[in-house]
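Residue-level structure breakdown
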Amino acid sequence: VAKEYGSTYHYFTRLLREKNVERSNLLNALHQALEKDELEVYYQPKVNYYTKEITGVEALLRWTHPEFGKVPPDKFIPLAEETGLILKLGNWVLREAIHQLKVWHVEGNLITMAVNFSIRQIQHPRVVQTVQSALNDAGIDPKYLEIELTEHTLIQSHDAAKIHELKDLGLTIALDDFGTGYSSLKYIKDFPIDCIKIDRSFVDGMTHVPHIAALNSTIIHLAKQLDYEVVAEGVETQEQIDMLMKEGCYCIQGYFFSRPVPAAELQELFDRGIGG
Ligand code: C2E
Ligand code: CA
Ligand code: CA
Ligand code: CA
């Protein structure tokens, strides 16, 4: 977070402290954020480095408060999760992202859209209908939607049935932040996963810490054995790409190609391509 938001992040934390903005104030503001049009979805491309094509994007929520400025998702998403507001926000992101996906499809960019889901969304009794109607309303084939679940959210064994139901719609499931939870192997044993996203902390250490390189290599080979897609996230350098390619991980996401940007800015990248 600190890197993407730079000084904004520190400014924000300082402001909160100075102004003694309390949780409840932040929560009140967040409740109004939707109505006041302060939310926006940014998109970060996922690149197949082998073909040099943008194969998909991940939708990431952004909040700009008129007084607090840019509030980092790591600050407000957990709050929204605690209070249940994430259901409303998550649904908004889903609809917004799928609508944007339709625009790109109509323009001829047949990419996939990955949307982060909180466990509270998964556990909601109507989640399957919600997702289905969002897809139907936009006229999007479910195979272009990927739901990202993170290991940190305490997915329970009985959530597996719900995840199966979602998958039955025809969409795909990615396990986010892979390797950072306490029970990574249990998750892939119990849940119908299509893709794992290698957490940034592994990608970070890979090039200079031998045992992280070994873990990284093991994760990639594990994914291949299980016939999962594998995506490396937080990729920032050519050296990291070279190493990932050598291990057989072609799908790359990170600042190296692009930060998360508004939809209009991604258009440029579609047109220009990611080059050689
Ligand atoms: P995440 O799903 O793991 O998303 C990846 C985070 O890493 C994003 O932070 C992204 O901006 C950042 N990132 C991407 N590439 C790089 C890189 O090369 N270097 C570095 N240093 N960072 C990189 P962001 O956008 O601040 O989001 C933070 C977290 O907030 C997300 O982590 C996700 O867990 C949560 N989040 C964001 N939007 C949503 C949403 O719509 N719904 C839910 N439930 N959670 C969301
Ligand atoms: Ca994610
Ligand atoms: Ca992640
Ligand atoms: Ca994360």
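Summarised in this report is the structure supplied together with it. Since we're looking at a predicted model, the values are computed, not measured. (Residues numbered from 1 in each chain as written. Chains lettered and ligands numbered in written order. Predicted model: local features only at pLDDT ≥ 70, side-chain atom pairs only at ≥ 80, totals over all residues. Heavy atoms only, no water.)

1. Some remarks on the coordination of the calcium ion (ligand 4)
Looking at the metal site, the calcium ion (ligand 4) is ligated by D177 (OD) and D177 (OD), spaced 3.0 to 3.1 Å from it. In this structure the calcium ion (ligand 3) is found 3.6 Å away from the calcium ion (ligand 4), and D177 serves as a bridging donor for the pair. Tracing the backbone through its elements, the reader meets D177 in strand β6 (residues 172-178). (Donors = N, O, S within 2.8 Å, 3.2 Å for Na, K, Ca; no water. Helix = DSSP H or I, 4+ residues; strand = E, 2+ residues; numbered from the N terminus.)

2. Focus on the side chain of Q44
Topologically, Q44 is positioned in strand β1 (residues 39-48). A polar atom in the side chain of Q44 sits 2.9 Å from the side chain of Q253. Residues contacting Q44, with those up to four places away along its chain left out, are G56, V57, E58, L60, Q253, G254, Y255, S258, R259 and P260. (Polar contact = N/O pair within 3.5 Å; in protein donor to acceptor, adjacent residues only side chain to side chain. Contact = heavy atoms within 4.5 Å.)

3. Focus: the packing of aromatic side chains
Applying the stated criterion across every chain, the model contains seven aromatic pairs. Note on W104 and F270: the rings are 5.4 Å apart at their centroids and 80° apart in plane angle, and the pair reads as edge-to-face. Separated by 166 residues along the polypeptide, W104 in helix α5 (residues 86-106) and F270 in helix α13 (residues 263-272) bring together distant segments of the chain. Summarising the burial analysis for this pair, W104 and F270 share the class buried. Following the ring pairs from residue to residue traces out a cluster consisting of Y43, W104 and F270. When the ring centre of Y49 is taken as reference, the NZ or CZ atom of K52 above it lies at 4.2 Å. It is R259 that lies over the ring of Y255; its NZ or CZ is 4.2 Å from the centre. (Phe/Tyr/Trp six-rings, centres within 6.5 Å; stacked < 30°, edge-to-face > 60°. Buried < 20%, exposed > 50% of the residue type's maximum accessible area, 1.4 Å probe, protein only. Lys NZ or Arg CZ within 6 Å of the ring centre and 35° of its normal.)

4. What to know about helix α12 (residues 238-247)
All buried positions along α12 are accounted for by Q240, I241 and L244. The arc that holds every buried residue of α12, seen down its axis, measures 100°, which confines them to one face. Seen from the buried face of α12, the exposed residues on the opposite side, beyond 90 degrees, are E239 and K246. For α12, the elements touching its buried residues are α10 (200-206), α11 (210-225), β8 (229-232) and β9 (251-253). One or two steps after α12, the chain reaches G248, where phi turns positive at roughly 95°. (Arc of directions from axis to C-beta.)

5. Examining the layout of surface pockets
Considered as a void within the structure, the second largest pocket measures approximately 260 Å³ in volume. Along its surface, the second largest pocket is lined by 19 residues, and N48, T55, E229, V230 and C251 are the ones closest to its centre. For the lining of the second largest pocket, the elements supplying multiple residues, two or more each, are β1, β5 (145-150) and β8. When grouped by side-chain class, the residues that make up the lining of the second largest pocket number eight nonpolar, five polar and six charged. (1 Å grid on protein atoms, 1.4 Å probe; cavity = no way out; pocket = protein on both sides within 12 Å on 5 of 7 lines; lining within 4 Å. Points joined across faces, edges and corners; volume = space filled by probe spheres on them. Nonpolar A, V, L, I, M, F, W, Y, C, P; charged D, E, K, R; others polar.)

6. Quick look at the pairing of strand β4 (residues 112-116)
Moving residue by residue along a regular strand, the side chains alternate between the two faces of the sheet. By the bridge criterion, four bridges tie strand β2 (residues 53-65) to β4 in an arrangement that is parallel. Residue pairing across strands places G56 opposite T112, the latter belonging to β4. Sheet analysis places β4 next to β5, joined by four bridges and oriented parallel. Note that in β5 the partner of A114 across the bridge is E146. (Pairing = 2+ DSSP bridges.)

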